[in-house]
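# A closer look at the structure
Below, each chain spelled out in residue letters.
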Amino acid sequence: MKLENKYDFVYLFDVQDGNPNGDPDNGNSPRLDAESGRGIVTDVCLKRKVRNYIQMVKDLTPPYDIFIREKSILNNTIGEVYDSVVDENQSKSEKTETAREAMCARFYDVRAFGAVMSTGSKNAGQVRGPIQMTFATSIDPVVVRQHCITRMAVTSEEKSRDMDGLNMGMGRKSDIPYGLYMCKGFVSANFAFQTGFSTEDLNLFWDALKYMFEDDRSSTRGFMSPRKLIVFCHDSKFGNAYSGELFNLVKVNKKCDGSPRSFADYEITIDKKNLPKGVSIQEII
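Residues numbered from 1 in each chain as written. Predicted model: local features only at pLDDT ≥ 70, side-chain atom pairs only at ≥ 80, totals over all residues. Heavy atoms only, no water.

### Re the overall build of the protein chain
Within the protein chain one finds seven helices and 16 strands. Along the first, second and third principal axes, the C-alpha set of the protein chain runs to 75 × 60 × 35 Å. Looking at the 285 residues of the protein chain, the share that counts as buried comes to 45%. Across the protein chain, contacts joining residues at least 24 apart in sequence account for 71% of those joining residues at least 6 apart. Per element, the accessible surface of the protein chain, about 15200 Å² overall, is 47% carbon and sulfur. (Helix = DSSP H or I, 4+ residues; strand = E, 2+ residues; numbered from the N terminus. Buried < 20%, exposed > 50% of the residue type's maximum accessible area, 1.4 Å probe, protein only. Contact = heavy atoms within 4.5 Å. Areas by Shrake-Rupley, 256 points an atom, 1.4 Å probe, with all protein chains shown as cover.)

Here it is as structure tokens:
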């Protein structure tokens with residue numbers, strides 16, 4: 001079914017004893033806002049997890065194939081789709097539009113997030129996706145811990161060192177004890193119409209936000225969990241209230257005196273009494 005409504009959403013997730021999103025410019029330590037000390041998880045990181053979930057549950061089967069995936073060569077993929085749908089008798093602009101529509105029809109992430117597909121000799125245009133997300137930032141400042149780790153095995157004889165008769169390598173690992181992160185998102189019915197993003201696609205996206213951490217476990221990421229997914233549904237395509245007005249209805253308050261160390265240290269409330277006319281709320285998590 002076509003998407004007929006605008007949506008705004010608030011997504012809360014937490015991490016315990018882990019690194020939710022490493023910064024390659026800082027030795028892959030957890031990302032931080034240098035001014036406030038709050039943790040950061042980029043929108044790109046979250047979209048990667050959504051893509052991985054869709055790939056897992058739909059097994060790359062069109063129309064739920066994934067365009068941006070590990071080790072894929074994007075121009076080759078664009079070229080394959082282009083050659084399969086374009087008629088040589090079409091004009092240049094018609095060829096581009098035909099290829100763009102085919103990319104949207106085949107790839108879930110193109111329909112959802114958009115893509116630049118004009119990077120090679122076979123042009124499939126550009127798509128602005130209906131789902132946009134902000135960086136997720138932690139509610140409170142987080143502390144980055146640095147741990148020295150050792151290993152008994154080494155990668156080569158040249159790197160082998162004898163320490164009390166043991167071949168031991170040294171390394172470092174960083175994490176944060178606890179952080180509750182908030183991301184804000186937007187779903188445009190107008191752009192959904194242009195890409196073919198449907199209500200079924202949207203429900204799959206909500207499922208991804210609910211379950212995407214379950215098969216993304218690693219020792220580096222610690223224990224990550226979805227905590228709240230609050231969705232504001234507008235009665236119209238173009239919205240009945242400002243997004244910021246709706247986001248302000250969600251309050252996250254710390255209940256403990258010291259540093260929070262679990263989700264139980266927070267209280268989340270929604271001011272439903274001041275919900276603007278023409279907007280409804282759904283708490284998916």
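### Considerations on the environment of asparagine 28
In this structure, asparagine 28 sits in the loop between strand 2 (22-23) and strand 3 (29-30). Residues asparagine 28 and leucine 275, 247 residues apart in the sequence, show an inter-C-alpha distance of 41 Å. Setting aside its immediate chain neighbours within four residues, asparagine 28 contacts Asn19, Gly22, Asp23 and Ser174.

### Observations concerning unusual backbone geometry
Negative phi characterises most residues that are not glycine, and trans characterises most peptide bonds. With an omega of 10°, the peptide bond between proline 62 and proline 63 qualifies as cis. On the secondary structure map, proline 63 appears in the loop between helix 1 (43-58) and helix 2 (74-85). The phi angle at aspartate 17 is positive, at roughly 55°, despite the residue not being glycine. The class for aspartate 17 is partly exposed, based on a relative accessible area of 38%.

### A look at helix 6 (residues 199-211)
The end-to-end C-alpha distance of helix 6 is 19 Å, a good match for the 18 Å that 13 residues give at a rise of 1.5 Å each. Of all the residues in helix 6, the buried ones are Asp201, Leu202, Leu204, Phe205, Trp206, Ala208 and Leu209. (Expected span 1.5 Å × (residues − 1).)

### Some words on helix 3 (residues 92-106)
Over its 15 residues, helix 3 runs 21 Å from end to end, which matches the ideal 21 Å to within 8%, given 1.5 Å per residue. Those residues of helix 3 that sit buried are Lys95, Thr96, Thr98, Ala99, Arg100, Ala102, Met103 and Cys104. Packed against the buried residues of helix 3 are helix 2, helix 4 (108-113), strand 6 (126-128) and helix 5 (189-195).

### Thoughts on the packing of helix 2 against helix 3
Across the interface, helix 2 lies against helix 3 with an axial gap of 9 Å and an inter-helix angle of 115°. Relative to helix 3, helix 2 is oriented roughly perpendicular. Here helix 2 runs over helix 3; the crossing is right-handed. Here helix 2 contributes Ile78, Val81, Tyr82 and Val85 to the contact with helix 3, which in turn contributes Lys95, Thr98, Ala99, Ala102, Met103 and Arg106. Partitioned by chemical class, the residues of the contact of helix 2 with helix 3 number seven nonpolar, one polar and two charged. (Axes fitted to C-alpha atoms, helices over the stretch in contact; angles between N-to-C directions. Parallel < 35°, antiparallel > 145°, perpendicular 65-115°, else oblique. Left-handed = near helix turned anticlockwise from the far one by under 90°. Nonpolar A, V, L, I, M, F, W, Y, C, P; charged D, E, K, R; others polar.)

### Focus: the environment of valine 127
As for its placement among the helices and strands, valine 127 is situated in strand 6. Sequence-wise, valine 127 and methionine 103 are 24 residues apart; in three dimensions their C-alpha atoms are separated by 9.5 Å. With near-sequence residues (within four places) excluded, valine 127 lies in contact with Arg100, Cys104, Val110, Gly114, Ala115, Met117 and Thr195.

### Here we look at the packing of aromatic side chains
Applying the stated criterion to the full structure yields 12 aromatic pairs. The rings of Tyr7, Phe9, Phe113, Phe205 and Trp206 are connected pair by pair, giving a single aromatic cluster. Seen from the ring of tyrosine 64, lysine 58 lies directly overhead, with NZ or CZ sitting 4.7 Å from the centre. If you follow lysine 237 out to its NZ or CZ, it ends over the ring of phenylalanine 193, 5.8 Å from the centre. (Phe/Tyr/Trp six-rings, centres within 6.5 Å; stacked < 30°, edge-to-face > 60°. Lys NZ or Arg CZ within 6 Å of the ring centre and 35° of its normal.)

### Remarks on the pattern of salt bridges
What the rule picks out here adds up to 19 salt bridges. When the shortest N-O distance is used, the salt bridge between lysine 47 and aspartate 43 registers 3.8 Å. A residue pair is termed a helical-turn pair when its members lie 3 or 4 positions apart in one helix, as lysine 47 and aspartate 43 do in helix 1 at four residues. Neither residue differs from the other here; lysine 47 and aspartate 43 are each classed as buried. Between glutamate 283 and lysine 272 there is a salt bridge, with its nearest N and O atoms 3.2 Å apart. You can see glutamate 283 sitting in strand 16 (residues 279-283) and its partner lysine 272 sitting in the loop between strand 15 (266-270) and strand 16, a full 11 residues away along the chain. (Salt bridge = Lys/Arg side-chain N within 4 Å of Asp/Glu carboxyl O.)

### Quick look at the packing of helix 1 against helix 6
Relative to each other, helix 1 and helix 6 sit at 105°, their axes nearing to 9 Å. Considering their axes alone, helix 1 and helix 6 lie roughly perpendicular with respect to each other. Every residue of helix 6 that contacts helix 1 at Val50, Tyr53, Ile54, Val57 and Lys58 is listed here: Leu204, Phe205, Asp207, Ala208, Leu209 and Tyr211. Of the residues contributing to the contact of helix 1 with helix 6, the split by class is nine nonpolar, no polar and two charged.

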